[in-house]
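Listed below, chain by chain, are the residues.
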Amino acid sequence: MSVIERAKVRKRAPSAATTAQKLRYQSGFGSEFATEALPGALPEGRNSPQRAPYGLYAEQWSGTAFTAPRHLNRRSWLYRIRPAAVHAPFRPLAQPLLRSAPFDEVPASPDRLRWDPFPLPARPTDFVAGLRTIAGNGDAAAQFGIAIHLYACNRSMNGRFFYDADGELLLVPQLGTLRVATELGVLEAGPGEIAVLPRGLRFRVDLAGETARGYVCENYGAAFRLPELGPIGANGLANARDFLAPTAAFEEREGRFELIAKFGGTLWSAPLDHSPLDVVAWHGNNTPYKYDLARFNTINTVSYDHPDPSIFTVLTSPSATPGTANVDFVIFPPRWMVAEETFRPPWFHRNVMSEYMGLVHGEYDAKAEGFTPGGGSLHNCMSGHGPDAATFVKATAADLAPRKIEGSLAFMFESRYVIRPTRYALEAPQVQKDYQDCWRGLPKRFTGRR
């Protein structure tokens, strides 16, 4: 449906019927986009005319400082029915299981940790109410580090809208499809896809089905970008053209609504008398976007050894130290394994980086059992880890014919800072108390002979 046709449903409440129609996107990572839901709604030749078309208000939404270098600068101009400033005062909103950095309620341990999947809610729970913080690092106010959350919900955000002033949100659905209605338009993401919502973007999450569950990386630091390719060359990994931004779509709705803000590590609530998703047209490069992980162009060895996992990086948030990320988003997708005379699973290692892993579907090739879709693991800085005993035995005896890993998608949030679990995560019944045992079956194999 055209953007003009989509505008005709603007007065309806969001529903599966109105959002099930095929969405239209614009392609490109960090591109300069221009889109309007009504013809002529975008001003020509200027950003802030004396009188904007259709009686709209012009508003700039900046994701970086005004003086950030041009290649890093993120901003969009919005043309909306009411400015974002139109709302009543905020009041604190309690949600004790949603936490923010600094994470210091319990000491961080060098022990390896793993969790079973957390259950779906029994009572009606929307996306915001279903957020639970597992771990994190850094400082939200100082704008570095991350928080790792899980979400589990069984209802849409009826009449509620959310924005995060502390960081951008990387959503990794594991179960169920999310329809994310934002100020800049609507995008949809299900298992095998990701969605990224910039800092401060107002949005509502609707469910395409009955339930949804997944992972969230709240990035306090520099906005995610594509990693440099170095000697790989001009092509490979995630291609810019495969990232999709929404086209303009707006709601002209009045009534009783709630705007929820995450600011300074705390949730706040303010009443609204209108939908804040009232942007009729916009242009710029500060946008939400989605990406289909199946489009990732996987690079792997065609000779020997298991390469560094950095070759599987989809997005990176850099730190002040070159090559050492505030957080990397890394995936382990279907791929061919052809290395000769090589132990093919990930090798045993200790790392200055800290790693939280999740599993969307299938099995992870370094763990024979215990790591299931919806679960997670945490291997912190310099904590030894690697394949479990069963995987090691199997891999050392395997026929090294070419083999394709299929039906599996794991991912990793990897950070230069120690990832500190929350008390909730450490005391949850989903913690696998015997996780350390998966390495106890590794025998002494030393013979003194080659």
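Placed above this text is the structure.
In this report, the structure presented in the accompanying data block is examined.

Summed over all chains, the structure comprises six cavities of 30 Å³ or more. Computed from the structure, the second largest cavity encloses a volume of approximately 170 Å³. Lining of the second largest cavity is provided by 16 residues; of these, Phe332, Pro346, His349, Glu355 and Tyr364 occupy positions nearest its centre. When its residues are assigned to classes, the lining of the second largest cavity shows nine nonpolar, five polar and two charged.

As a volume, the second largest pocket reaches approximately 510 Å³. Lining the second largest pocket are 23 residues, and of these Pro345, Asp365, Thr391, Lys394 and Arg403 sit closest to its centre. Mapped onto the lining of the second largest pocket, the elements with two or more residues apiece are helix 3 (389-397) and strand 26 (403-405). Looking at the lining of the second largest pocket, the element that brings in the most residues is helix 3, giving four residues. Looking at the lining of the second largest pocket residue by residue, the class counts come to eleven nonpolar, three polar and nine charged.

To continue, consider helix 3. Listed as buried for helix 3 are Ala389, Thr391, Phe392 and Ala395. Each buried residue of helix 3 lies within a common arc of 160° when the element is viewed along its axis, so the set occupies one face. Looking at helix 3, the residues exposed on the side facing more than 90 degrees away from the buried face are Val393, Lys394 and Ala397.

The next point concerns the sheet that holds strand 6 (residues 113-115). The strands making up a sheet associate through hydrogen bonds between their backbones, and the pairing can be parallel or antiparallel. Here six strands make up an open sheet; going across it, the order is 6-25-24-27-22-21 and the pairing antiparallel. With partners counted over all chains shown, the strands left at the sheet margins are strand 6 and strand 21 (313-318), one partner each. On average, each strand axis in the sheet is inclined to that of its neighbour by 15°, with strand direction left out of account. Examined bridge by bridge, strand 22 (residues 325-332) and strand 27 (residues 409-415) share five bridges and lie antiparallel to one another. Opposite Phe329, over in strand 27, you have Phe413 as the bridge partner.

Take the side chain of Ser408 next. Positionally, Ser408 belongs in the loop between strand 26 and strand 27. Look at Ser408 and you get buried, because its relative accessible area is 5%. Looking at Ser408, its side chain comes within polar contact range of the main-chain oxygen of Glu363, at 2.6 Å. Not counting residues within four places of it along the chain, the set of residues in contact with Ser408 comprises Phe332, Pro333, Pro334, Leu359, His361, Gly362, Glu363 and Tyr364.

Moving on, we come to the nonpolar core. Among the nonpolar cores identified, the biggest contains 50 residues, and Val314, Leu315, Phe329, Tyr356 and Phe413 are the most heavily contacted of them. The contact partners of Leu315, leaving out residues within four places of it in the chain, are Phe29, Ile194, Val196, Phe224, Arg225, Leu226, Pro227, Phe243, Tyr289, Val327, Asp328 and Phe329. Core analysis: the second largest hydrophobic core is formed by 43 residues, Tyr79, Phe250, Val279 and Val280 among them.

The final tally for this structure, using the stated rule, is 19 salt bridges. With its nearest N and O atoms 2.9 Å apart, the salt bridge here joins Glu218 to Lys262. Of the two residues, Glu218 sits in strand 15 (residues 212-219) while Lys262 sits in strand 17 (residues 254-263), which places them 44 residues apart along the sequence. In this pair, the class of Glu218 matches that of Lys262, namely buried. Each of Glu59, Arg80, Glu183 and Asp278 takes part in a single network of salt bridges with overlapping partners.

Scoring rules and cut-offs
Throughout, residues of each chain are indexed from 1 in the direction in which the sequence is written. The predicted nature of this model means local features are confined to residues of pLDDT at least 70 and side-chain atom pairs, given and counted, to a pLDDT of 80 or more, with totals for whole chains, interfaces and linings taken over all residues. Side-chain figures throughout are based on the complete set of non-hydrogen atoms in the structure, without hydrogens or water. Definitions used throughout: a 1 Å grid over protein atoms alone; a cavity as a set of points that fits a 1.4 Å probe which cannot get out; a pocket as an open set with protein on both sides within 12 Å along at least five of seven lines; a lining residue as one with an atom within 4 Å of a point. Grid points are joined across faces, edges and corners, and a volume is the space filled by probe spheres set on the points. Lys, Arg, Asp and Glu make up the charged group, whereas Ala, Val, Leu, Ile, Met, Phe, Trp, Tyr, Cys and Pro make up the nonpolar group; the residues left over, Gly among them, are polar. Under the scheme used here, helices are H or I runs from DSSP no shorter than 4 residues and strands are E runs no shorter than 2 residues, and both carry numbers assigned from the N terminus. The buried label goes to any residue with under 20% of its type's maximum accessible area, the exposed label to any with over 50%, and the partly exposed label to all in between, with areas taken from a 1.4 Å probe on protein chains only. Directions from the helix axis toward the C-beta atoms define the arc. When DSSP finds two or more bridges between two strands, those strands count as paired. Every axis corresponds to a line fitted to the C-alpha atoms, with the helix fit spanning only the stretch in contact, and the corresponding angles, defined between N-to-C directions, vary from 0 to 180 degrees. Polar contact is defined as a pair of N or O atoms within 3.5 Å, subject to the rule that within protein one atom must be able to donate a hydrogen and the other to accept it, and that residues adjacent in sequence are counted only when both atoms are side-chain atoms. What makes two residues a contact is simply this: any of their non-hydrogen atoms within 4.5 Å. To qualify as a nonpolar core, a set must consist of buried Ala, Val, Leu, Ile, Met, Phe, Trp, Tyr and Cys residues joined through side-chain atoms within 4.5 Å. Each salt bridge in this description consists of a side-chain nitrogen of Lys or Arg and a carboxyl oxygen of Asp or Glu lying within 4 Å of one another.

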